[in-house]
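Overview (structure and organization)
As a plain string of letters, each chain reads:
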Amino acid sequence: MVLPYKPGRLQEEALMNLLYEPVTGSMVSHVAQAARGFVPNIVPTDTEKPPPDLEVFINSVISASKVGTLPLLVAFVYIVRAKSKLGPANYGIPTTPHRIFLASLIVSVKFLEDGTHKNKKWVKYARMNTKRATLKFSLDEVNIMEKELLGYLDYNAWIRGHELFRGLKTFQ
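Just so we're clear, the structure is a prediction, and the values are computed from it rather than from any experiment.

Remarks on the side chain of Ser104
With respect to the secondary-structure elements, Ser104 resides in helix 5 (residues 96-112). The class for Ser104 is buried, based on a relative accessible area of 0%. When residues no more than four places from it in sequence are discounted, the contact partners of Ser104 are Ala75, Tyr78, Ile79 and Leu149.

As structure tokens, this is what we get:
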């Protein structure tokens, strides 16, 4: 899971305490902020509902899947890695941040908790439909998102200790 890294005693204690804390709004905000860098401001047409607010989406997926702090922290590291691989000039569609987050969380949970949710379940967890916003991914889309993210990560899901602690500083 995590390659060896020798943090200071305070860092180690902070990490251990954080891992047992429930996911907070602050954590979700940091993850959303990292994922937002993937898309320019695109205004949908009048006939098209915009995607849900990214933080609302993240909270919904976390609640439905019952994901804890560690998978969310690892997903954050994957998002940061993907951003560094893609660079600032890469843009996408309005749902790109939602897709990057979802793929990062799926890979994180599968890596940390072997034998967990299948992608059919993630399709359900990620479905949102309100008066103001809608989001619905097909199973094929979720499979492609996961595969593309793994490509951005060079199929390396291992986390180095310094990456985890850099993410921890963001979450504190």
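We are not done yet, so read on.
Some remarks on unusual backbone geometry
Negative phi is the rule for most residues except glycine; trans is the rule for most peptide bonds. Its identity is not glycine, yet Asp154 carries a phi of approximately 55°, on the positive side. Residue placement: Asp154 occurs in the loop between helix 7 (139-152) and strand 4 (159-160). What makes Asp154 exposed here is its relative accessible area of 52%. Although it is not a glycine, Tyr155 adopts a positive phi angle of roughly 55°. Mapped onto the elements of the fold, Tyr155 is located in the loop between helix 7 and strand 4.

Brief notes about the packing of helix 4 (residues 69-86) against helix 5
A pair of packed helices can be characterised by two numbers: the angle between their axes and the separation between those axes. One can describe the packing of helix 4 onto helix 5 by two numbers: an axis separation of 8 Å at closest approach and a directional angle of 125°. With respect to helix 5, the element helix 4 is oriented oblique. When the axes of helix 4 and helix 5 are compared, the crossing they make is right-handed. Within the contact between the two elements, helix 4 uses Leu70, Pro71, Leu72, Val74, Ala75, Tyr78 and Ile79 and helix 5 uses Ile100, Phe101, Ser104, Leu105, Val107, Ser108, Val109, Phe111 and Leu112. Taken together, the residues of the contact of helix 4 with helix 5 sort by class into 14 nonpolar, 2 polar and no charged.

Concerning the pattern of salt bridges
Tallied over the full model, the rule gives 4 salt bridges. Ionic pairing is found between Asp154 and Lys85, a salt bridge with its closest N-O pair at 2.7 Å. A residue pair is termed long-range when its members are at least 10 positions apart, and Asp154 in the loop between helix 7 and strand 4 and Lys85 in helix 4 qualify at 69 residues. Of the residues examined, Lys85 reaches a relative accessible area of 44% and is grouped as partly exposed. Across the pair Glu146 and Lys110 runs a salt bridge, and its minimum N-O distance is 3.1 Å.

Definitions and cut-offs
Residues numbered from 1 in each chain as written. Predicted model: local features only at pLDDT ≥ 70, side-chain atom pairs only at ≥ 80, totals over all residues. Heavy atoms only, no water. Helix = DSSP H or I, 4+ residues; strand = E, 2+ residues; numbered from the N terminus. Buried < 20%, exposed > 50% of the residue type's maximum accessible area, 1.4 Å probe, protein only. Contact = heavy atoms within 4.5 Å. Axes fitted to C-alpha atoms, helices over the stretch in contact; angles between N-to-C directions. Parallel < 35°, antiparallel > 145°, perpendicular 65-115°, else oblique. Left-handed = near helix turned anticlockwise from the far one by under 90°. Nonpolar A, V, L, I, M, F, W, Y, C, P; charged D, E, K, R; others polar. Salt bridge = Lys/Arg side-chain N within 4 Å of Asp/Glu carboxyl O.

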